[in-house]
Amino acid sequence: MSTGAAVVAIGATGADERVEPTAVDGADDDASDRADEAAKNDRDDADESVGARAEREPVAEAKTGTEVDAAESGADAGTKTATEGATDETPEVERELPEAGEDRERAFTRSRTPELPQDADISVLDPEVKQELRGLPKGLAEIVGRHLAAAGMLVDSEPELALEHARYARSKAARVAVVREAAGLTAYHAGEWSEALSELRAARRMSHGAGHVAVMADCERALGRPERAIELAREAQGSPLSAEEAVELRIVAAGARRDMGQLEAAVVALQGDDLDAKRRDPWSARLFYAYADNLEAAGRTEEAVRWFLNAAQADDDNETDAAERAFDLSPQD
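Note that the coordinates shown come from a computational prediction; the quantities given were computed from them, not determined experimentally.

Peer 1: Could you give an account of the overall build of the protein chain, with specific residues and numbers?
Peer 2: Summing up its helical and strand segments, the protein chain has 14 helices and four strands in all. The buried share among the 333 residues of the protein chain stands at 40%. Across the protein chain, the fraction of contacts at a sequence separation of at least 24, relative to all contacts at a separation of at least 6, is 63%. Of the accessible surface of the protein chain, which amounts to about 18,600 Å², a share of 46% is contributed by carbon and sulfur atoms.

Peer 1: For helix α9 (residues 226-235), give the residues involved together with the corresponding values.
Peer 2: Listed in full, the buried residues belonging to α9 are Pro 226, Ala 229, Ile 230, Leu 232 and Ala 233. Take α9 and look down its axis: the buried residues cluster within an arc of 155 degrees, on one side only. Of the surrounding secondary structure, the elements contacted by the buried residues of α9 are α7 (193-207), α8 (213-222) and α10 (243-259).

Peer 1: Before we move on, could you go through helix α14 (residues 322-329) and cite the residues and values that matter?
Peer 2: Within the span of α14, buried status applies to Ala 322, Arg 325 and Ala 326. Projection of α14 onto a plane perpendicular to its axis shows the buried side chains occupying an angular sector of 100 degrees, all on one side. More than 90 degrees from the buried face of α14, the exposed residues found are Phe 327 and Asp 328. Residues of α14 that are buried make contact with α12 (284-297) and α13 (301-314).

Peer 1: Report on the packing of helix α4 (residues 138-154) against helix α5 (residues 159-172), specifying residues and quantitative values.
Peer 2: Close contact between α4 and α5 brings their axes to 8 Å; oriented N to C, the two are set at 160 degrees. Judged by the angle between their axes, α4 and α5 are roughly antiparallel. α5 is crossed by α4, and the crossing has left-handed handedness. Seen from α4, the contacting residues are Leu 140, Ile 143, Val 144, His 147, Leu 148, Ala 150, Ala 151 and Leu 154; seen from α5, they are Pro 159, Leu 161, Ala 162, His 165, Ala 166, Tyr 168, Ala 169 and Lys 172. Here the residues of the contact of α4 with α5 are counted per class, giving 13 nonpolar, two polar and one charged.

Peer 1: How would you sum up the packing of aromatic side chains? Please name residues and give values.
Peer 2: The geometry of an aromatic ring pair comes down to the distance between the two centres and the angle between the two planes. Here the structure, examined in full by the defined rule, presents four aromatic pairs. Ring centres 5.7 Å apart and planes at 70 degrees place the aromatic pair Tyr 188 and Trp 193 in the edge-to-face group. Overall, the relative accessible area of 30% leaves Trp 193 in the partly exposed class.

Peer 1: Just give me the short version of the environment of Ala 203, but keep the residues and values in it.
Peer 2: Summarising the element assignment, Ala 203 is placed in helix α7. In this structure, Ala 203 is in contact with Ala 177, Arg 180 and Glu 181, ignoring residues within four places of it in sequence.

Peer 1: Provide a residue-level description of the environment of Ala 141, including the pertinent values.
Peer 2: Within the fold, Ala 141 resides in helix α4. Under the relative-accessibility criterion, Ala 141 is labelled buried at 9%. A C-alpha to C-alpha distance of 9.6 Å links Ala 141 and Ala 169, two positions 28 residues apart in sequence. Not counting residues within four places of it along the chain, the set of residues in contact with Ala 141 comprises Ile 122, Leu 133 and Leu 136.

Peer 1: Describe in detail the layout of surface pockets, supporting the description with residues and values.
Peer 2: The volume enclosed by the largest pocket comes to roughly 1,000 Å³. Along the walls of the largest pocket sit 35 residues, with Val 215, Glu 244, Glu 248, Ile 251 and Arg 286 positioned nearest its centre. Only α6 (177-189), α8, α10 and α12 provide two or more residues apiece to the lining of the largest pocket. Split by residue class, the lining of the largest pocket holds 13 nonpolar, eight polar and 14 charged.

Parameters at a glance
Residues numbered from 1 in each chain as written. Predicted model: local features only at pLDDT ≥ 70, side-chain atom pairs only at ≥ 80, totals over all residues. Heavy atoms only, no water. Helix = DSSP H or I, 4+ residues; strand = E, 2+ residues; numbered from the N terminus. Buried < 20%, exposed > 50% of the residue type's maximum accessible area, 1.4 Å probe, protein only. Contact = heavy atoms within 4.5 Å. Areas by Shrake-Rupley, 256 points an atom, 1.4 Å probe, with all protein chains shown as cover. Arc of directions from axis to C-beta. Axes fitted to C-alpha atoms, helices over the stretch in contact; angles between N-to-C directions. Parallel < 35°, antiparallel > 145°, perpendicular 65-115°, else oblique. Left-handed = near helix turned anticlockwise from the far one by under 90°. Nonpolar A, V, L, I, M, F, W, Y, C, P; charged D, E, K, R; others polar. Phe/Tyr/Trp six-rings, centres within 6.5 Å; stacked < 30°, edge-to-face > 60°. 1 Å grid on protein atoms, 1.4 Å probe; cavity = no way out; pocket = protein on both sides within 12 Å on 5 of 7 lines; lining within 4 Å. Points joined across faces, edges and corners; volume = space filled by probe spheres on them.

Geometry only, nothing functional implied.
Structure follows, in structure tokens:
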């Protein structure tokens, strides 16, 4: 499963600020009464304004849920967190105050339940994903599984729509590690770097595993923090990574070095026993291509051409433009 989901959140653009009028010391009783009456009228007007706004901009109602006191965050509005026992007909969503500057319409749009494709069936999920979903009530597991399946089907062709499904699944089962993992991966494919990083960190804490550290490091690069990407790579050196993820992490770390202007260090970061033109591992084409790309950046053109050609020969699925890159760099008669 290479998909993900994130929070479905709705709410106001911010809490209304209210100033309660206070009586002035030394004022007569009439003045005090008038001040109290004015304060009451102000509160009534504010309540009517909020009520009218709620009628104009309805949001999805949760069938069951608990009101959470938001006083600690300094907001007047509360948040309602959906329980994980909702039905698909009356979807529950997590409600939270949007970040400063977030548009109300965008937040409301994210609350809608995305329409499921007909062939989005839980049976297409990986066995380990289905196993984790068994910890949910049967009906809820079916709902979450179908939205994760939809996210997986759409992630390559329509990543933004895939993310809607992934976010909805996350809103239903935020305490399931595989759902948070799927959330992060789908957000990554949709270019939502901060969201992807947050979700993958959560999944990592829940599962106590190495997580998708290469994806997390690439998110740090995309957010303009290459030094954090390198730090993640260092921390993962003692982790039980698969051979493929270890290679991906080397590629990301090399890119981070390059981002920092360390061109020769980027080349060295990719060197290893598997950087062998005769090797045909599933990741060989990507590794050879990344090595060639960094050689070119370092001004080592002849070596770059040779490794682009090696990448083209290893790329049975034509996933790279290695042959074209080699041709462009070669001397033309």
